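# Secondary and tertiary structure notes
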Amino acid sequence: MLFNSIPYLILFALTYLIYWNIPQKGRKPLLVVSSLTFYAYFSFPFLFHFLLVILVNYGFSEWMFRKKEKGENFDNVLYTIVILNVLNLAFFKYFYFITDSLYTLTGYPSFKEIAGSWSIFLPLAISFYTFQIIAVQVDIHRGIIEKRMSTVDYFLFILFFPQLIAGPIMRSQDFLPQLDNPTIDPDRMKKGIFLIIGGLFKKVIIAENIAPIISPLYMDPAKFDSFSIFFSVLAFGIQVYCDFSGYTDMARGSANLLGYEIPENFQGPFFSQSFRELWGRWHITLSSWLRDYIYIPLGGSKGSIFRSNINSFITMCLGGLWHGANWAFVLWGAYLGALIWIERSLYLHRGKKKLIPDSFPMAGVIRTVIIFIIFTFSGVFFRAAARGAESLNVAYEIFKGVLTLRNTGDTLNRVDELPTFIALGLMFNWFQYSPFVYEKLKPYQNILLPILSVVILLLLGIFGDGGQDFIYFQF
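It should be emphasised that the depicted structure is a prediction, and the values quoted were computed from it without experimental measurement.

Of regular secondary structure, the protein possesses 19 helices and zero strands. Its C-alpha atoms give the protein a radius of gyration of 23 Å, near enough to 23 Å, the size a compact globule of 475 residues would have. Viewed in the frame of its principal axes, the protein has a C-alpha envelope of about 65 × 65 × 55 Å. Residue burial in the protein is summarised as follows: out of 475 residues, 53% are buried. Long-range contacts, defined here as pairs at least 24 residues apart, represent 78% of the contacts in the protein between residues at least 6 apart.

With that out of the way, let us pick up the packing of aromatic side chains. Across all of its chains, the model carries 57 aromatic pairs by this definition. Geometrically, the ring pair formed by F377 and F399 is tilted, given 6.0 Å between the ring centres and 35 degrees between the ring planes. Taken together, the positions of F377 in helix α15 (residues 363-384) and F399 in helix α16 (residues 391-403) put the pair 22 residues apart, joining distant regions of the chain. Over the face of the ring belonging to Y19 we find R27, whose NZ or CZ atom lies 5.4 Å from the ring centre. Taking the ring centre of Y218 as reference, the NZ or CZ of R383 above it sits at 4.7 Å.

The subject of this paragraph is the pattern of salt bridges. Applying the stated criterion to the full structure yields 17 salt bridges. Notably, a salt bridge pairs R171 with D292, separated by 2.9 Å at the nearest N-O pair. Of this pair, R171 sits in the loop between α7 (151-159) and α8 (172-175) while D292 sits in helix α12 (residues 284-298), placing them 121 residues apart in sequence. Through salt bridges with shared partners, one network takes in K28, D153 and D180.

The next point concerns the side chain of K28. Here K28 shows up in helix α2 (residues 24-42). Ignoring sequence-local partners within four residues, the contact set of K28 consists of V152, D153, L156, L179 and D180.

Moving on, we come to α16. With 13 residues, α16 should cover 18 Å at 1.5 Å per step; its first-to-last C-alpha distance of 19 Å lies within 8% of that length. S391, V394, A395, I398, G401 and V402 are the residues of α16 that are buried. Angular distribution of buried residues about the axis of α16 spans 130 degrees; they occupy a single face of the element. Along α16, exposed side chains directed more than 90 degrees from the buried face belong to N393, Y396 and L403.

Moving on to helix α10 (residues 226-257). Taking 1.5 Å per residue, 32 residues should reach 46 Å; α10 reaches 46 Å between its end C-alpha atoms and fits that length. Counting buried positions along α10 gives 29 out of 32 residues, so the element sits mostly inside the fold. Taken from the residues just after α10, G259 is the one with a positive phi, measuring 95 degrees.

Taken N-terminus to C-terminus, the directions of α10 and α15 make an angle of 85 degrees; their axes are 8 Å apart at the nearest point. Taken as axis vectors, α10 and α15 run roughly perpendicular relative to one another. Two secondary-structure elements touch here, α10 through F230, V233, L234, F236, G237 and I238 and α15 through F372, I373, T376, F377, G379, V380, F382 and R383. Broken down by class, the residue content of the contact of α10 with α15 amounts to ten nonpolar, three polar and one charged.

A cluster of nonpolar side chains, L52, V56, Y79, I83, L84 and L87, forms an exposed patch at the surface whose accessible area comes to about 570 Å². Of all the elements in the fold, those that place two or more residues in the nonpolar patch are α3 (44-69) and α4 (75-106). Broken down by element, the nonpolar patch gets its largest block of residues, four residues, from α4.

Before going further, it helps to examine the environment of F244. Looking at the element boundaries, F244 is found in helix α10. Considered as a pair, F244 and K202 are 42 residues apart in the sequence and their alpha carbons are 9.0 Å apart.

Let's shift gears to the packing of α2 against α3. For the pair α2 and α3, interaxial distance at closest approach is 6 Å and the crossing angle is 130 degrees. In terms of their interaxial angle, α2 and α3 are classed as oblique. Seen along the crossing, α2 lies across α3 with a hand that is right-handed. Residues L36, Y39, A40 and F42 of α2 pack against F44, F46, L47, F50 and L51 of α3. Broken down by class, the residue content of the contact of α2 with α3 amounts to nine nonpolar, no polar and no charged.

So, on to the environment of E390. Within the secondary structure, E390 sits in the loop between α15 and α16. With 171 residues separating them in the primary sequence, E390 and M219 have C-alpha atoms 9.9 Å apart. One polar contact links E390 to R387, side chain to side chain, over a distance of 2.2 Å.

What follows covers unusual backbone geometry. Look at A125: it is not a glycine, yet its phi comes out positive at around 70 degrees. As for its position among the elements, A125 is in the loop between α5 (109-116) and α6 (126-142). In this structure A125 comes out as buried when scored by relative accessible area, which is 1%. Despite not being glycine, L405 has its phi angle at roughly 50 degrees, a positive value. For L405, the location among the structural elements is in the loop between α16 and α17 (418-433).

Take the side chain of T368 next. Position of T368 among the secondary structure elements: in helix α15. On the accessibility criterion, T368 (15% relative accessible area) is buried. A polar atom in the side chain of T368 sits 2.9 Å from the backbone oxygen of G364. Each residue touching T368, except ones within four places of it in the same chain, is listed here: F270, F271, S272 and Q273.

Further remarks concern the environment of N4. Among the structural elements, N4 can be located in the segment before α1 (6-19). A relative accessible area of 18% places N4 in the buried class.

Rules used throughout
Residues numbered from 1 in each chain as written. Predicted model: local features only at pLDDT ≥ 70, side-chain atom pairs only at ≥ 80, totals over all residues. Heavy atoms only, no water. Helix = DSSP H or I, 4+ residues; strand = E, 2+ residues; numbered from the N terminus. Rg over C-alpha atoms; globule rule 2.2 N^0.38 Å. Buried < 20%, exposed > 50% of the residue type's maximum accessible area, 1.4 Å probe, protein only. Contact = heavy atoms within 4.5 Å. Phe/Tyr/Trp six-rings, centres within 6.5 Å; stacked < 30°, edge-to-face > 60°. Lys NZ or Arg CZ within 6 Å of the ring centre and 35° of its normal. Salt bridge = Lys/Arg side-chain N within 4 Å of Asp/Glu carboxyl O. Expected span 1.5 Å × (residues − 1). Arc of directions from axis to C-beta. Axes fitted to C-alpha atoms, helices over the stretch in contact; angles between N-to-C directions. Parallel < 35°, antiparallel > 145°, perpendicular 65-115°, else oblique. Nonpolar A, V, L, I, M, F, W, Y, C, P; charged D, E, K, R; others polar. Patch = residues over 30% accessible without salt bridge, like charges linked within 9 Å, V, L, I, M, F, W, Y side chains within 5 Å. Areas by Shrake-Rupley, 256 points an atom, 1.4 Å probe, with all protein chains shown as cover. Left-handed = near helix turned anticlockwise from the far one by under 90°. Polar contact = N/O pair within 3.5 Å; in protein donor to acceptor, adjacent residues only side chain to side chain.

In structure tokens:
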């Protein structure tokens, strides 16, 4: 049930109409039912697996609260449920990755035979809900969640359908305080509609038009010229941004219309002037989760600079592996981790002075362009992962094609359209980076909303092709 689909429109419209016309005590159960319907539309069999996961975690949460009230140590309870959640994720998502890696390392045919004897399908949203559930258990242990949650509250926190499939990864403090007092007013409604319209534009008009242009490159990168490869790499960075931030915008807009605020996941990342700043603006809820539940437990920035960099590098590699069961994703995380390591080392080595000082002409623009280009090249590993066992060869050919500056070979069809889509994606980055545009347009929103609604419907009719899955649905 894609956000840009008729079934979602019907489900949301029915939920919205009933939700605001019943007492508060009936609203949370209604949202649970709507969320179950939303997930069941994707996979009815896996709905039972999902419910079992939530029930088991709820039981362990209650167990920790009981031990806490008795003054007993409950570390082992936390370790057990975290391990169970990781094993559940590992079995469904990494079984073939582990057996293939073991076969490659050892050459034992038994590993290949074991993998061939199983048919394992990936439950939808397992990566996102696993991280969210683990955060709940850890927050109970840390005392961040001080009071027991009712069964309905617990289920709704995990199941809330606007953000269920691809986040943002919510924390208890983000959502639980709002559950009993959802609020709606004209400003929140209009903001929600603006977010949905903007998200649809990013997803359908930009991301879904970039995808077919650059797709041939990843089938046979050796046959294309450097010009095509370079702009395809930049365009894929924009595609991922528009696809994922478009989903987040529609999720936030839907939540706004139901009276809730859920976290922003992007804040104009492509206008960052350092990689550390970029990771504070890109997939914010995942970055903060990795910081709080992996980087800090590893030791964080305590100890030597080298140890801190190692902790950061390990965290980024694990973040890459979280995205997919492929060595290309691990290399994606390692690439980004290495960039942060290098940047931090140079920054400290130069006494916290910028490598391009502010006195240099257009220093900020130059830093931004450099960060944008280097970051988008990490997407080579990300996109190449779709080729499975051939992913590393594909990534190698793309980097080779750019670095050799070859002007021979084929030119991608419609490659001349990519700069326009890149510019549109950067425009939306600017909207996020600075609230200036929204604040200036706010007095005119009563006029703009109906106009933009008609425009987006016309554009959907022209450019829409029935809707493609969001990229992060695969995680």
